[in-house]
Amino acid sequence: MTAPILRIENISKRYGKKDVLKGASLDVKKGDLKILIGPSGAGKSTLLQCINFLVKPDEGRIWLDEQEVHYANKRDLYAYRQKVGMIFQDFNLFDHLTALENVRIGMVRVKGMGKAEAGERAVLELERVGLKEHMQKYPAQLSGGQKQRVSIARALAMDPRVMLLDEPTSALDPELIGEVHAVIRDLGNNGMTMIMATHQIGFASSLASEILFMEDGRILERGTPDKIFNHAENARTQEFCSKITELYGERG
Amino acid sequence: MRHRVPLFHTFLKAIERMPESLIAIMDALPYLLQGSIVTLIVVVGAMGLGFALGAPLAVGQVYGHPVLRRFIAVYVWFFRGIPLLVFLFLFYFGLCTALDINLSAFTVAIIVLGLISSAYQSQIFRGSILSLPEGQLKAARALGMSDFKAISFIILPQALRLSIPGWSNEYSILLKDSAVTYALGVAEIMARSHFVATRTYQHLPLYFAAGVIFLVLTWAGTKGLRLLEERARIPGYSPHGL
């Protein structure tokens, strides 16, 4: 049995008196695509942000490639974050930089690559997400789907070991969702390891290696798409899945 | 109807004195324009000092340790709370004498105006930083940037663009405040027009000329900053549809 690439153990987070995460644990193997589903406020986004310490967990430990991450050590933290790509619901492209500069800046300022070399790589990554001809445009000149594809290229340029996707298509018009899904599907086919929160269960069930149903800060149930969507053991999982299926149509 | 006659009479006398007034202005103009160079150096120097101190103060007040934030809040309160003239006297006649520091009035003017401006500018920058979406910093951190890099390469380039309209305000305020430094004997526009006016008794034309020079400098500066704003504008990024 191969060791997990990313191991998350017992992550908890409290905001004041509210427990947002109550001990979430998860092992991710190379090439896995883990999908987090669950109602708003279940803790999906907090869990993803705890994984790269954008939100500092109150408890819990994380290992990447069997090395424990000591996030209090800044150098360790910055090195770790380079290896964990993050895609946000609202893209968060750097508004003052062109698409090309957005993809390049991490390589130049974090990895210390030369501008020319980083630029070449950035063009390759933009080509991969189908945006080479838009590389000189600023975020404000791009559609939502294009912005999200630039943000994926920006993350890929750092050569991440794992990608975290926090509802990458939730802010998109229905007709733009497909182009982003195509890029993510392509990543999955190329063996990228990913954890993704989404409500797009059609897409999720066709691609996921495992679905995790979260509610109230806990991972209530986990299993293959077939198990979760068709044979869930937990009553809440069943209820949620049937509601979301009604809302988002087919199961892919 | 009766009072119209003396009024008209006064008006006529003023017209009669016009050539005299014009000559007074023309005579004093080179001297006043030299003063406007002094004024501009004081203003630009103070803006520069205010920027150099104000930008880090803003960053510290937004992202700093609570103790640092408290300290900066007190700094801002201090420099915004005391009248300029009091500061100038306090610094020049008070501190410099007490500590036996030999600084020219010109240097003191730049330092004092710069310190006060840093307090105001820090709040301009702070407002701009706070208006940026939180996600910008998150995305920078997610790439592995330290907070220092994220602030230098992501936050400040955007915040400074948003600060240009506020700067134009700060420039026109500094320009007018710089006239107060005449009280220390800095040879700027106000000091020079006062000097010539009291010597020639041509008060009206000389202060009028001083006012016009200030108006022109205000116009030129705000125009320049407007051009900078245009040049620094991010294509497609117009939150108000302009």
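The rules we used
- Residues numbered from 1 in each chain as written.
- Chains lettered and ligands numbered in written order.
- Predicted model: local features only at pLDDT ≥ 70, side-chain atom pairs only at ≥ 80, totals over all residues.
- Heavy atoms only, no water.
- Pairing = 2+ DSSP bridges.
- Helix = DSSP H or I, 4+ residues; strand = E, 2+ residues; numbered from the N terminus.
- Axes fitted to C-alpha atoms, helices over the stretch in contact; angles between N-to-C directions.
- Contact = heavy atoms within 4.5 Å.
- Phe/Tyr/Trp six-rings, centres within 6.5 Å; stacked < 30°, edge-to-face > 60°.
- Buried < 20%, exposed > 50% of the residue type's maximum accessible area, 1.4 Å probe, protein only.
- Lys NZ or Arg CZ within 6 Å of the ring centre and 35° of its normal.
- pLDDT = per-residue confidence, 0-100.
- 1 Å grid on protein atoms, 1.4 Å probe; cavity = no way out; pocket = protein on both sides within 12 Å on 5 of 7 lines; lining within 4 Å.
- Points joined across faces, edges and corners; volume = space filled by probe spheres on them.
- Nonpolar A, V, L, I, M, F, W, Y, C, P; charged D, E, K, R; others polar.

Describe in detail the sheet that holds strand β9 (residues 210-215) of chain A, supporting the description with residues and values.
All names here are of chain A. In space, the six strands of this open sheet follow the order β6-β7-β8-β3-β9-β10, with mixed pairing throughout. Among the strands making up the open sheet, the edge pair consists of β6 (84-87) and β10 (218-223). On average, each strand axis in the sheet is inclined to that of its neighbour by 20 degrees, with strand direction left out of account. Of the strand pairs in this sheet, strand β7 (residues 162-166) and strand β8 (residues 193-197) are connected by five bridges, and their pairing is parallel. Bridged to M163 within β8 is M194. Sheet strands touched by helix α6 (residues 174-189): β7 and β8. Its angle to β8, the strand with the most contacts, is close to 145 degrees. Where helix α9 (residues 235-248) meets the sheet, it contacts β3 (33-37), β9 and β10, and its direction lies at approximately 105 degrees from that of β9.

Break down the packing of aromatic side chains for me, with residues and values.
Counted by the stated rule, this structure contains 13 aromatic pairs over all chains. On the basis of an interplanar angle of 45 degrees and a centroid distance of 5.3 Å, the ring pair of F213 of chain A and F240 of chain A is categorised as tilted. Residue F213 of chain A is located in strand β9, and its partner F240 of chain A is located in helix α9; the two are separated by 27 residues in the primary sequence. Exposure class is identical for F213 of chain A and F240 of chain A. Each is buried. Aromatic side chains F125 of chain B and W167 of chain B sit 6.0 Å apart centroid to centroid with 85 degrees between the ring planes, which places their arrangement in the edge-to-face category. Of this pair, F125 of chain B sits in helix α5 (residues 105-131) while W167 of chain B sits in helix α7 (residues 147-177), and the two are 42 residues apart along the sequence. An identical accessibility class is assigned to F125 of chain B and W167 of chain B; each is buried. Ring pairs connect the aromatic residues Y75, F78, F79 and F87 of chain B, which therefore count as one cluster. Positioned above the aromatic ring of F94 of chain A is the side chain of R154 of chain A, whose terminal nitrogen or guanidinium carbon lies 4.5 Å from the ring centre.

Account for the confidence of the model for chain B, naming residues and giving values.
All names here are of chain B. A residue-level look at chain B finds 96% of positions with pLDDT of 70 or above and a mean pLDDT of 91. Taken element by element, the predicted model of chain B shows its lowest mean pLDDT in helix α1 (residues 4-16) (76) and its highest in helix α3 (residues 66-81) (97). Two numbers describe this predicted complex: its pTM, 0.87, and its ipTM, 0.93.

Can you tell me about empty space enclosed by the protein, naming the residues and giving the values?
With the rule as written, the count across this model stands at one cavity of 30 Å³ or more. What the largest cavity holds in volume is close to 100 Å³. Considering the residues around the largest cavity, the lining is formed by 15 residues, among which G85, M86 and A155 of chain A together with A142 and L143 of chain B are closest to the centre. Contributions of two or more residues to the lining of the largest cavity are made by α2 (74-82), β6 and α5 (144-156) of chain A together with α6 (134-142) of chain B. Residue classes in the lining of the largest cavity are distributed as 10 nonpolar, three polar and two charged.

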